[in-house]
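Residues per chain are reported as follows:
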Amino acid sequence: RALCPLVPSAPAALRALPPPVAVGVLHTTRPLHTTQQSLAPVPPLPEKGGEVRHGLIPEEFFQFLYPKTGVTGPYMLGTGLLLYLLSKEIYVVNHETAAAACILTVIVYAIKKFGPDVAAFADKLNEEKMASALAMKNDTIQTLQTAIEEEKKEQWRAEGRSYLFDAKRNNIAMLLEANYRERLLTVYNEVKKRLDYQVALQNLKRQKEQDHMIQWVEKNVVQSITPQQQKESIAKCILDLKALSKSAHATV
Amino acid sequence: GPLSERPLMEVRLGELHTWVSTCSFSAQGLLGAVQRAWGSYCAKYIHVKQGGPAGISMLLAGYCLLSYGWNYQHFKRHRWRKYH
């Protein structure tokens, strides 16, 4: 327990987990962002600053004196104060007064002449910064939007998974069927080959026996025909032929 | 709001001494007061979108007055007349 990171707002049950788990677990029992006091977005700057008259005296001073002395009150106050300081020489006029007068003249002239241009330039710089930041923000938002749409599309695509699985199942069934039939055919062919062999064997045996028997009978018959019998049979054949020819002459 | 938490500009003249008695004059209190004053000045005159010369010119004028006040004894010796 001494080693786990000290997130004091986590409940004891989460902290009691072993350290690697306790670090990764998001302690969601702590309420997040329940108040409006978050650091972003920063409120924008006000457009114009406090009003200042003659570049030196805030407007609040004039408003403060207005109810009692009207519009000219602060100016009267200023003039009287200035004359008092000069006459009593609480403000001493010396070389620095002349220098201050020259410097102030130049500064006022420069501000009146170049003020608006400098202000416009600074405004343009600001505008560019704002525009680039805004463009970045919009781009990011756009990217995220497209990402969301893509994700939704993917989710819609995932709905078609049943069709995909059906097609795959059909494919597999067909493969199995084809394989089964191939094997059947192989079995049939093998059996037929063996049976054909047996049949051919028997035929060959019978053929050989027949041939051998015929040959043996012929040989014996030829052997048994003696020359005497041969002469007799030839003479008989000639007599038969003569008789046949006589009968043939008669019919014609 | 209550007296001790109001800023100086909203305190009326009659309540001024009670207001002064409520604020803390410790180092931390004074430092806090200075920081708050500077922060409110900046927020009002400097951290705006369209400020003018007023923000810095008031600071420079205040600096001129302060330095005149610090060197007053030196200026007193360069008066034009002895009796006023």
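Note that this is a predicted model, so its numbers are computed, not measured.

What counts and how
Residues numbered from 1 in each chain as written. Chains lettered and ligands numbered in written order. Predicted model: local features only at pLDDT ≥ 70, side-chain atom pairs only at ≥ 80, totals over all residues. Heavy atoms only, no water. Helix = DSSP H or I, 4+ residues; strand = E, 2+ residues; numbered from the N terminus. Buried < 20%, exposed > 50% of the residue type's maximum accessible area, 1.4 Å probe, protein only. Contact = heavy atoms within 4.5 Å. Areas by Shrake-Rupley, 256 points an atom, 1.4 Å probe, with all protein chains shown as cover. Salt bridge = Lys/Arg side-chain N within 4 Å of Asp/Glu carboxyl O. UniProt positions renumbered as here; feature names shortened; annotations may be inferred. Core = buried A, V, L, I, M, F, W, Y, C linked by side-chain atoms within 4.5 Å. Patch = residues over 30% accessible without salt bridge, like charges linked within 9 Å, V, L, I, M, F, W, Y side chains within 5 Å. Buried area = accessible area lost by both parts, 1.4 Å probe. Polar contact = N/O pair within 3.5 Å; in protein donor to acceptor, adjacent residues only side chain to side chain. Nonpolar A, V, L, I, M, F, W, Y, C, P; charged D, E, K, R; others polar. Expected span 1.5 Å × (residues − 1).

Visitor: Please give an account of the overall build of chain A that cites residues and values.
Guide: Each helix and strand counted, chain A has seven helices and two strands in total. Counting the 252 residues in chain A, one finds 7% classified as buried. Intrachain contacts of chain A at a sequence separation of at least 6 include 0% that bridge at least 24 residues. Element-wise, carbon and sulfur atoms account for 66% of the exposed surface of chain A, whose accessible area totals about 22,700 Å².

Visitor: Quick one: what's the story with the overall build of chain B, residue by residue and with numbers?
Guide: Counting its secondary structure elements, chain B contains four helices and zero strands. Tracing chain B from N to C terminus, the helices and strands come up as α-α-α-α. Relative to its full complement of 84 residues, chain B shows a buried share of 17%. When the accessible area of chain B is evaluated, it comes to approximately 6,900 Å², of which 65% is carbon and sulfur surface.

Visitor: Break down the pattern of salt bridges for me, with residues and values.
Guide: Residues and elements named next belong to chain A. Within the structure shown, the criterion is met by eleven salt bridges over all chains. Among the salt bridges present, the one from Arg169 reaches Asp166, with a minimum N-O distance of 2.8 Å. Of this pair, Arg169 and Asp166 are both found in helix α6 (residues 161-224), three residues apart, which corresponds to roughly one turn of the helix. Using a relative accessible area of 38% as the deciding quantity, one classes Asp166 as partly exposed. Salt bridges sharing partners connect three or more residues here, namely Glu190, Lys193 and Arg194.

Visitor: Describe the UniProt feature "transmembrane region" (unreviewed entry) in chain B, listing the residues and the values that go with them.
Guide: On the UniProt side, "transmembrane region" (unreviewed entry) is annotated at positions that read residues 54-72 of chain B here. Between the first and last C-alpha atoms of residues 54-72 of chain B the distance is 26 Å; the span itself is 95% helix and 0% strand.

Visitor: Could you give me a rundown of the nonpolar core, with the residues and numbers involved?
Guide: For soluble globular proteins, the rule of thumb is that nonpolar side chains tend to be buried together. A:Val52, B:Tyr41, B:Tyr45, B:Ala54 and B:Met58 together form the largest nonpolar core, which totals five residues. When contributions to this core are tallied by element, the ones reaching two or more residues are α2 (27-45) and α3 (54-70) of chain B. Ignoring any residue separated from it by four or fewer positions in sequence, one finds A:Val52 in contact with A:Ile57, A:Pro58, A:Glu59, B:Tyr45, B:Ala54 and B:Met58.

Visitor: Got a sec to walk through a nonpolar patch on the surface? Specific residues and values, please.
Guide: All names here are of chain B. Where nonpolar side chains cluster on the molecular surface, the patch consists of Leu8, Leu13, Leu16, Val20, Phe25 and Leu30 and spans about 590 Å² of accessible area. Mapped onto the elements of the fold, Phe25 is located in the loop between α1 (16-22) and α2. Overall, the relative accessible area of 56% leaves Phe25 in the exposed class.

Visitor: Go over the interface of chain B and chain A, please, and point to the residues and values.
Guide: With 19 residues of chain B at the contact, the number on the chain A side is 23 residues. Here chain B packs against chain A, burying approximately 2,000 Å² in sum over the two surfaces, 53% of which is carbon and sulfur. Considering only the side of chain B, the residues that lose the most area to chain A are B:Lys49, B:Gln50 and B:His84, jointly responsible for 29% of the buried surface there. Remark: the boundary between chain B and chain A carries two salt bridges. Where A:Glu47 meets B:Lys49, a salt bridge forms, and the shortest distance between an N and an O atom there is 3.3 Å. Applying the counting criterion to the chain B and chain A interface returns 13 residue pairs in polar contact (both at pLDDT 80 or more). Mapped onto the side of chain B that touches chain A, the elements with two or more residues apiece are α2, α3 and α4 (72-76) of chain B. Tallying contributions element by element places α3(B) first for the side of chain B that touches chain A, with five residues. For the side of chain B that touches chain A, the per-class residue count stands at ten nonpolar, five polar and four charged.

Visitor: Describe the side chain of A:Glu59, naming the residues involved and giving the relevant values.
Guide: Residue and element names in this part refer to chain A. The topology assignment puts Glu59 in helix α3 (residues 59-69). According to the relative accessible area criterion, Glu59 is buried, its value standing at 16%. One polar contact links Glu59 to Arg53, side chain to side chain, over a distance of 3.0 Å. Filtering out sequence-adjacent residues up to four positions away, Glu59 remains in contact with Glu51, Val52 and Arg53.

Visitor: Help me get a handle on helix α4 (residues 73-87) of chain A, residues and values and all.
Guide: Helix length check: α4(A) (15 residues) gives 21 Å between terminal C-alpha atoms against 21 Å at 1.5 Å per residue, within 8%. Where α4(A) terminates, the next one or two residues include A:Glu89, which has phi positive at roughly 50 degrees.

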